[in-house]
Amino acid sequence: MGLLARYAPLLPLTASTPSVNLEEGNTPLIRLPRVGEQLEIDLWGKFEGCNPSGSFKDRGMVLAVAKALEDGARALICASTGNTSASAAAYAAATGLPCYVLLPAGRVALGKLAQALIYGATVVAVRGNFDRALELAREAAKERGFAMVNSVNPYRLVGQRTGAWEVCDALSAAPDWHAIPVGNAGNVSACWAGYTEYRRLGKIPKTPRMMGFQAAGAAPLVTGRPCPDPETVATAIRIGNPVSADLARAAITESGGEFNSVTDEEILSAQRLLASFGGVFAEPASCAPLAGLVKLKRLGRLPRDIRVVMVLTGNGLKDPDTAMKQAGRPIEVGDTLKELLSVLRPGGVR
Ligand code: F0G
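Residues numbered from 1 in each chain as written. Predicted model: local features only at pLDDT ≥ 70, side-chain atom pairs only at ≥ 80, totals over all residues. Heavy atoms only, no water.

Caption draft 1: Spatial organisation of the state of the cysteines. A complete count under the given rule lists zero disulfides for this structure. The structure places no disulfide on cysteine 168, whose sulfur is separated from the nearest cysteine sulfur, that of cysteine 191, by 9.8 Å. Residue classification places cysteine 168 among the buried positions, given a relative accessible area of 3%. (Disulfide = S-S within 2.5 Å. Buried < 20%, exposed > 50% of the residue type's maximum accessible area, 1.4 Å probe, protein only.)

Caption draft 2: Looking closely at the packing of aromatic side chains. With the rule as written, the count across this model stands at three aromatic pairs. Summarising the aromatic geometry, the rings of tyrosine 7 and tryptophan 165 are spaced 5.3 Å apart at their centres and angled 50° between planes, so their arrangement reads as tilted. Highlighted residues: tyrosine 7 in the loop between helix H1 (3–6) and strand E1 (29–31) and tryptophan 165 in helix H7 (residues 154–171), separated in sequence by 158 residues. Comparing tyrosine 7 with tryptophan 165, the two get one shared label, buried. (Phe/Tyr/Trp six-rings, centres within 6.5 Å; stacked < 30°, edge-to-face > 60°. Helix = DSSP H or I, 4+ residues; strand = E, 2+ residues; numbered from the N terminus.)

Caption draft 3: Examining the site of the ligand more closely. In the region of the ligand, 21 residues are neighbours, and Ser80, Thr84, Asn184, Ala185 and Thr313 sit closest. Contact between the ligand and threonine 81: an oxygen atom at 2.8 Å from a main-chain N or O atom of the residue. Taking alanine 185, its main chain carries an N or O atom lying 2.8 Å from an oxygen atom of the ligand. Out of a free accessible area of 480 Å², the ligand has 98% covered by protein chains. Listing elements by their share of the shell around the ligand, those giving two or more residues are helix H4 (83–95) and helix H8 (186–200). Each residue belonging to the shell around the ligand can be placed in one class, and the counts come to eight nonpolar, eleven polar and two charged. (Near = heavy atom within 4 Å. Polar contact = N/O pair within 3.5 Å; in protein donor to acceptor, adjacent residues only side chain to side chain. Areas by Shrake-Rupley, 256 points an atom, 1.4 Å probe, with all protein chains shown as cover. Nonpolar A, V, L, I, M, F, W, Y, C, P; charged D, E, K, R; others polar.)

Caption draft 4: Local environment of the sheet that holds strand E3 (residues 76–79). If you trace the four strands from one edge of the open sheet to the other, you get E5-E4-E3-E6, paired in parallel fashion. Both outer strands of the open sheet, strand E5 (122–126) and strand E6 (147–148), are each paired with one neighbouring strand and no more. The pairing of E3 with strand E4 (residues 99–104) spans four bridges and is parallel. When the sheet's bridge partners are listed, cysteine 78 is paired in E4 with valine 101. Contacting E3, E4, E5 and E6, helix H6 (residues 130–144) crosses the sheet at an angle of about 160° to E3. (Pairing = 2+ DSSP bridges. Contact = heavy atoms within 4.5 Å. Axes fitted to C-alpha atoms, helices over the stretch in contact; angles between N-to-C directions.)

Caption draft 5: Up close: the pairing of strand E9 (residues 258–262). Here E9 lies mainly inside the structure; four of its five residues are buried. Across five bridges, the pairing between strand E8 (residues 209–215) and E9 is parallel. Residue alanine 215 lies in a different strand from E9, and its bridge partner there is valine 262.

Caption draft 6: Structural context of the sheet that holds strand E10 (residues 307–312). Ordered by their spatial adjacency, six strands build an open sheet running E1-E2-E10-E7-E8-E9, and the pairing between neighbours is mixed. A single partner strand is all that each edge strand has here, and the edge strands are E1 and E9. When the angles between neighbouring strand axes are averaged without regard to direction, this sheet yields 25°. Bridging between strand E7 (residues 177–181) and E10 involves three bridges; their strand directions are parallel. Opposite histidine 178, over in E10, you have valine 309 as the bridge partner. Lying on the sheet, H8 is in contact with E7, E8 and E10; it crosses E7 at an angle near 155°. Across the face of the sheet, helix H11 (residues 264–278) comes into contact with E8, E9 and E10 while running at roughly 90° to E9.

Caption draft 7: Summary view of the pairing of strand E2 (residues 42–47). Of all the six residues making up E2, six are buried; the element is thus mostly covered by neighbouring parts of the structure. Judged by which residues are buried, E2 turns out to be covered on both faces: Asp42, Trp44 and Lys46 on one side and Leu43, Gly45 and Phe47 on the other are all buried. Pairing analysis gives three bridges linking E1 to E2, with the strands arranged antiparallel. For arginine 31, the partnering residue across the bridge sits in E2 and is tryptophan 44. Sheet topology note: the E2/E10 ladder contains six bridges and is parallel. Note on E10: the bridge partner recorded for tryptophan 44 is valine 309.

Following this line, the structure appears as structure tokens:
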């Protein structure tokens, strides 16, 4: 069952909202004992890479596209660092809407670009960064009367609340900390709204601290001012002027949480840690929270034994290039048993 059906009573659906469904949501909440042990916490990862287009964006996109259809939209448009475009293109394909996506030229991970193209969207590479592409998309949407499906579309953020609801439904409570990467700052805001709504409905007794993590080269919410030239290996969150900055600041303040930044090196090291000690392959942006937890542990600022849920926002397979740069290489041998055995240690190695 997709998200619109599963959470219907909590979503702004009407009798004329079409049922759109790619079986999004219901993603695994994975306990990560070998990683958690190192940090001395009870660590869980919400693996959003299992969504149909491989990221959490499908949660909000399914609702935004259903509402666009209900409102008689002629086409969808968005700007994206990659995942929003993949998701918009997928739902456009499934519902028959034309879809235009604006990407920062040369700055989108290969898998995401392949997705937008193969789903059949019209892909426009803008020679500029994401922030500029977003401004252009908003103007073009107005000019052409297309449905804008970036997170400035309120239905996107409402749909993304389901991520927090699923965490609570699985644990029968909220975690102590909800650790999440922050780019355009929509998801941290949406998850916080999800938790507060669940508390209001009496489904959870208390809400978590929202811990938002940005890449050091694109950390406007940590430094307190827009970053005109964002740069990071985590291209999904290479954003200098987040549209939902105010909502995100409110979420962090109300929940007693924090914004922190992590370097590219810390992000890549966390990606290796998550893959090689957790068995979960997430894209670089998704590993910013783990990088942040490792950093806070090192600084003596990670309380022992707390329960932390990290949102692993996107699938690692979307960005094979970055992974291969740090993953090592296969050992090549000739096709004889002798050569094969020469590289296999009797006790195994790890
Ligand atoms: N993680 C991934 C994998 C993302 O793709 C994004 C955002 C984020 C985290 C940050 O979420 O923007 O709600 O704070 N990607 C957008 C896109 C910007 O275009 O795909 P946010």
